[in-house]
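Residues per chain, in single letters:
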Amino acid sequence: MAGPLDRLVRIAARRAAAPNGLLFTERQLYYELCRTILPVHRLPRRPAFTVPPVVPYRAFRAALDRIGEIPGLLGPPPAAPATVGAHTPEPDLFDYGLPRLLVCRSTAVAAMLRANGMPMESACPVVSAAELPLDPGVTAMLARAHGTVYVLHDATPADLTFPERLPALTDIPDGIDIVPIGLRPAQTAPLHLTQTRSTTLGRDRAVEVESVNPAVLLRSVHRLVRDVHRPGNALIEIRRARRTGFLTWPAS
C-alpha cells in the first residue's frame, strides 16, 4: 500500500496547490488526499451528507515521512508575536482606520491565509485565536473606521460558540460588528466534506475548515470579507452565504 499511497499523496499535493502554486497545511493535504481517493465533492449537493476519512491519519503521516519534502506544504505555524506591531519602527502604525479584520479559530488556517497573501489582497489583517487579545492600537483602528470583525472557525461544538466568546477574549469597540463566516454544520453536508470526531464530545461529528479545498477556502474568504455586510442575525444565513459564493467549488 505504501507505493500507491505515496503516489496519491503527491497527486493530492498538486491538487491542493492548484491553480497557481498555493501554500497549504498538512491537514489540508490530508483532506485533499481523501477527496482524491473518494471524490464525493463532485456529486450534486442533494442528497446532503458528510463522509468519514478514507485513509487513517497515521498512514498519511507515514507517507509524508517516506516522501520527504513536498512543494507547497507549510510547516508548523510560527509562535504568535508578543505584541502586534512590535517588529516595525513606524510611529504612525496605528493612526489609520481599519475597515475589517479576520479572526481564525485555527492557528494553522490563519498562517495559511497569510502565507497566500490574503491580508494584502483583501486589505484585511488575519489573526488567530492564539494571538488574542488584540493590541489596543488595532481595536482603535477598527473603531476609527467602524470596521467589522469576521470570524472563521470549524464546525465543532466548541468552535460554533467561538464568535460569541470573542468579546471576552479581546476588546471589541462599540459599533463594531462580529460576523461569523462559517464553517457551520448546515454548510458541510451539501459540500460532502470529510468529517472527524469532536475532540471534546467524541460522539459528535466535527468538520474542520481545513477540509475545504485550499483554493476554494481562499477565494471564499476573500469574497466574504470584501463583500459581506451586516447580516440580519448573529450568523450568516446559508442562502445568503451561497449567493456570495461561500465554499462553492470552482467551475473548472
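Everything below is about the structure shown above.
Reading the values: rules and limits
- Residues numbered from 1 in each chain as written.
- Predicted model: local features only at pLDDT ≥ 70, side-chain atom pairs only at ≥ 80, totals over all residues.
- Heavy atoms only, no water.
- Buried < 20%, exposed > 50% of the residue type's maximum accessible area, 1.4 Å probe, protein only.
- Helix = DSSP H or I, 4+ residues; strand = E, 2+ residues; numbered from the N terminus.
- Pairing = 2+ DSSP bridges.
- Salt bridge = Lys/Arg side-chain N within 4 Å of Asp/Glu carboxyl O.
- Axes fitted to C-alpha atoms, helices over the stretch in contact; angles between N-to-C directions.
- Contact = heavy atoms within 4.5 Å.
- Expected span 1.5 Å × (residues − 1).
- Polar contact = N/O pair within 3.5 Å; in protein donor to acceptor, adjacent residues only side chain to side chain.
- Core = buried A, V, L, I, M, F, W, Y, C linked by side-chain atoms within 4.5 Å.
- Patch = residues over 30% accessible without salt bridge, like charges linked within 9 Å, V, L, I, M, F, W, Y side chains within 5 Å.
- Areas by Shrake-Rupley, 256 points an atom, 1.4 Å probe, with all protein chains shown as cover.

(A) Highlighting the pairing of strand S3 (residues 148-152). Across the 5 residues of S3, 5 count as buried, placing the element largely inside the fold. Pairing between strand S1 (residues 100-104) and S3: 5 bridges, direction parallel. Bridge assignment links Arg100 to a residue of S3, and that residue is Thr148. Pairing analysis gives 4 bridges linking S3 to strand S4 (residues 177-180), with the strands arranged parallel. The partner of Val151 across the bridge, within S4, is Pro180.

(B) Broad picture of the pattern of salt bridges. Across all of its chains, the model carries 7 salt bridges by this definition. A salt bridge links Glu32 to Arg35; its shortest N-O distance comes to 2.6 Å. Of this pair, Glu32 and Arg35 both sit in helix H2 (residues 26-37), 3 residues apart, which is roughly one turn of the helix. The exposure class assigned to Glu32 is buried, which follows from its relative accessible area of 5%. Residues participating in the shared-partner salt-bridge network are Glu26, Arg61 and Asp65.

(C) Spotlight on the sheet that holds S1. One open sheet holds the 4 strands; their spatial order is S2-S1-S3-S4, and the pairing between them is parallel. With one partner strand each, in any of the chains shown, strand S2 (126-128) and S4 form the two edges of the open sheet. Strand-to-strand twist of the sheet, defined as the mean angle between neighbouring strand axes without regard to direction, takes the value 25°. As defined by bridge partners, S1 adjoins S2 across 3 bridges and the pair is classed as parallel. Bridge pairing links Cys104 to Ser128 in S2. This element, helix H4 (residues 107-115), spans S1, S2 and S3 of the sheet and lies at about 160° to S2.

(D) Inspection of helix H10 (residues 214-227) at higher detail. The end-to-end C-alpha separation of H10 is 20 Å, in line with the 20 Å expected for 14 residues at 1.5 Å each. Most of H10 is tucked away: 10 of the 14 residues are buried. What H10 keeps buried is the set Pro214, Ala215, Val216, Leu217, Leu218, Ser220, Val221, His222, Leu224 and Val225. Capping of H10 at its N-terminal end is provided by Asn213; its side-chain oxygen lies 3.0 Å from the backbone amide nitrogen of Ala215.

(E) The arrangement of the nonpolar core in detail. Residues Leu102, Cys104, Leu113, Met118 and Leu152 are the most contacted members of the largest nonpolar core, which totals 28 residues. For this core, the secondary-structure elements that each account for two or more residues are S1, H4, S3 and H10. The biggest single contributor to this core is H10, with 7 residues. With residues near it in sequence (within four places) discarded, Leu102 still touches Leu113, Met118, Cys124, Pro125, Val126, Val127, Tyr150, Val151, Leu152, Ile181 and Val221. In this structure, Ala13, Phe24, Tyr30 and Cys34 belong to the second largest nonpolar core, which totals 20 residues.

(F) Highlighting the side chain of Thr36. For Thr36, the position within the fold is in helix H2. Overall, the relative accessible area of 14% leaves Thr36 in the buried class. Of the polar contacts made by the side chain of Thr36, one reaches the side chain of Arg15; its length is 3.5 Å. Every residue in contact with Thr36, bar those within four places of it in the chain, is listed here: Leu8, Ile11, Ala12 and Arg15.

(G) Local environment of a nonpolar patch on the surface. Taken together, the side chains of Ile37, Leu38 and Val54 define a hydrophobic patch exposed on the protein surface, amounting to about 200 Å² of accessible area. By the element assignment, Val54 lies in the loop between H2 and helix H3 (57-67). Under the relative-accessibility criterion, Val54 is labelled partly exposed at 34%.

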